[in-house]
Amino acid sequence: FFKSWLLVSWTAMPSRWTTVALVVGMLISGSINTISKSAQNSSKQPGMYEIYSCSKDTAGAGFNQTTCESAGGTWSDNRKFNAPWSQTLFMFIGESFALAIFLIQRKIDRAKEVDDDELQPLRADIQSERNVRVFQPILLIPTLCDLTGTTLSGIGLLYIAASVWQMLRGSIILFTGTFSVIFLKRRLKLFQWVAMLVIVGGLALVGLASVLGGSSSNSDKTALGIVLVLSAQVVSAIQMVLEETYLKDRKLPALIVTGMEGVFGTVLMLLLVMPLVYVIPGDQRSSMDHGSQENSIDAAVMIGQNWRLALLCGFYTVSITIYNFCGQSVTKYLSAVHRTLIDASRTIIVWVTELVMSYAGLDGFGEPWTKYSFMQLGGFALLVFGTLLYNGVIRIRCLE
């Protein structure tokens, strides 16, 4: 009886409270993902060269700021954490945990062997997933898209507010719809094309509010950040079209797709990308005479010396795992429309949290309300309306 109950509970529709838990889990983990990533970029911590100088000047007095300065050493905490490539590595590690979830799930399924003929239909999906080969080399292609899109988006977050960053990610509907027509030969209805135009208007308002709301000296960087985030959504849209093909045509379980992309991405980052960005000339200090695009060793030292920064990185990694698991469960048991609505709600949570952090006296964290925030709010309203219209939640008779 116990084995039969486990089988039914695993394959049937979840209870109301389980569904609520999945929705809340997706909403909270998605918000933590954005906020923790933004907070990492606002964190200040001495890096390996400041610590080395302090240790050398104090003749082994340690890395403590008080002992360093009292012994005549120099200690600087003005350097912000700037490691978008390392953040991409954390994301892939978080995604790889999805593979562990799938393997545990499959092991539990295999332990639930029953002979009751009435339960056999419920095991059809499990049986098909059980026989799928986990190692899928073809997933290396969307992994490269994920790597490129996430890193471009992470660099863009260095120059714009987290709420703007989150809103601009809504442009993925525009690019995904366009690519689905070109590559998947899908036909969009009139209301979907109108929705995409509404989304374009919303993006324009959000981007304009961000540029006008920043200082004149940073307007170029803000514009660069917007371009990078939008470019990232183009790459992510290609990734989504590829993943849809693999999920439907090849019938690959979603957890395998996410998990294998995480494993491939982690290996690529450690063996190829991280060493490459270290030797490519850049403005980050390193052992290279010309500097580096990113010094991951320096980033690791900064994380190791700041428990708050380490905690933010941990939250970011774990939230990736929870968000993917809850998101795929919501899509499976509810619909992709529900997942879209939850993502739209996440933007509000991120924005409100950033405003609270700004006025709570947290130096360097959050974003203040400006005279252009109403323009940003209007743009967000258009983005939400366009998203709901595209997914058929809002229906306009003349556009049917």
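Residues numbered from 1 in each chain as written. Predicted model: local features only at pLDDT ≥ 70, side-chain atom pairs only at ≥ 80, totals over all residues. Heavy atoms only, no water.

Let's shift gears to the overall build of the protein. Secondary structure assignment for the protein yields 16 helices and 0 strands. By residue count, 46% of the 400 residues in the protein fall in the buried class. Long-range pairs, those at least 24 residues apart, make up 77% of the contacts in the protein between residues at least 6 apart in sequence. When the accessible surface of the protein is totalled, it reaches about 20000 Å², and 65% of it is carbon and sulfur. (Helix = DSSP H or I, 4+ residues; strand = E, 2+ residues; numbered from the N terminus. Buried < 20%, exposed > 50% of the residue type's maximum accessible area, 1.4 Å probe, protein only. Contact = heavy atoms within 4.5 Å. Areas by Shrake-Rupley, 256 points an atom, 1.4 Å probe, with all protein chains shown as cover.)

This paragraph deals with the packing of aromatic side chains. On inspection of all chains with the given rule, the structure shows 4 aromatic pairs. Where Phe 135 meets Phe 264, the ring centres are 5.8 Å apart and the plane angle is 70°; that geometry is what we call edge-to-face. Of this pair, Phe 135 sits in the loop between helix H6 (124-130) and helix H7 (140-157) while Phe 264 sits in helix H12 (residues 254-279); the two residues are 129 residues apart in sequence, bridging distant segments of the chain. Residue class for Phe 135 comes out partly exposed when judged on its relative accessible area of 46%. Note on Trp 369 and Phe 374: the rings are 5.0 Å apart at their centroids and 85° apart in plane angle, and the pair reads as edge-to-face. Judged by its relative accessible area of 35%, Trp 369 is partly exposed. Members of the aromatic cluster, joined through ring pairs, are Trp 351, Trp 369 and Phe 374. (Phe/Tyr/Trp six-rings, centres within 6.5 Å; stacked < 30°, edge-to-face > 60°.)

The next point concerns the nonpolar core. Among the nonpolar cores identified, the biggest contains 29 residues, and Ile 160, Met 167, Leu 168, Val 206, Leu 383 and Tyr 390 are the most heavily contacted of them. Looking at this core, the elements with two or more residues in it are helix H8 (162-168), helix H9 (172-183), helix H10 (190-213), helix H11 (219-249), helix H15 (336-359) and helix H16 (373-390). Considering every element that reaches this core, the biggest residue donor is H10, with 6 residues. Apart from residues no more than four positions distant in its own chain, Met 167 is found in contact with Leu 203, Val 206, Thr 347, Trp 351, Gln 376, Phe 380 and Leu 383. Ranked by size, the runner-up nonpolar core spans 19 residues in total, among them Ala 83, Leu 89, Ala 299 and Cys 313. (Core = buried A, V, L, I, M, F, W, Y, C linked by side-chain atoms within 4.5 Å.)

In this section: the environment of Leu 228. Mapped onto the elements of the fold, Leu 228 is located in helix H11. Taking the C-alpha atoms as reference points, Leu 228 and Tyr 159, 69 residues apart in sequence, are found 9.8 Å from one another. Setting aside chain neighbours within four positions, we find Leu 228 in contact with Leu 152, Ile 155, Gly 156 and Tyr 159.

Looking now at the packing of H7 against H12. Close contact between H7 and H12 brings their axes to 9 Å; oriented N to C, the two are set at 65°. Crossing of H7 against H12: the hand is right-handed. Here Leu 140, Pro 142, Thr 143, Leu 144, Asp 146 and Leu 147 of H7 lie close against H12, whose contacting residues are Glu 261, Phe 264, Gly 265, Leu 268, Met 269 and Val 273. (Axes fitted to C-alpha atoms, helices over the stretch in contact; angles between N-to-C directions. Left-handed = near helix turned anticlockwise from the far one by under 90°.)

Moving on: H16. In this model H16 runs 25 Å from its N-terminal to its C-terminal C-alpha over 18 residues, within 8% of the 26 Å that 1.5 Å per residue would give. Taken residue by residue, H16 has Ser 373, Gln 376, Gly 379, Phe 380, Leu 383, Gly 386, Thr 387, Leu 388, Leu 389 and Tyr 390 as its buried positions. Looking at the residues trailing H16, positive phi occurs at Gly 392, about 80°. (Expected span 1.5 Å × (residues − 1).)

Here we take up the environment of Gln 293. Among the structural elements, Gln 293 can be located in the loop between H12 and helix H13 (296-305). Put simply, Gln 293 and Gly 282 are 11 residues apart on the chain and 4.1 Å apart in space, counted from C-alpha to C-alpha.

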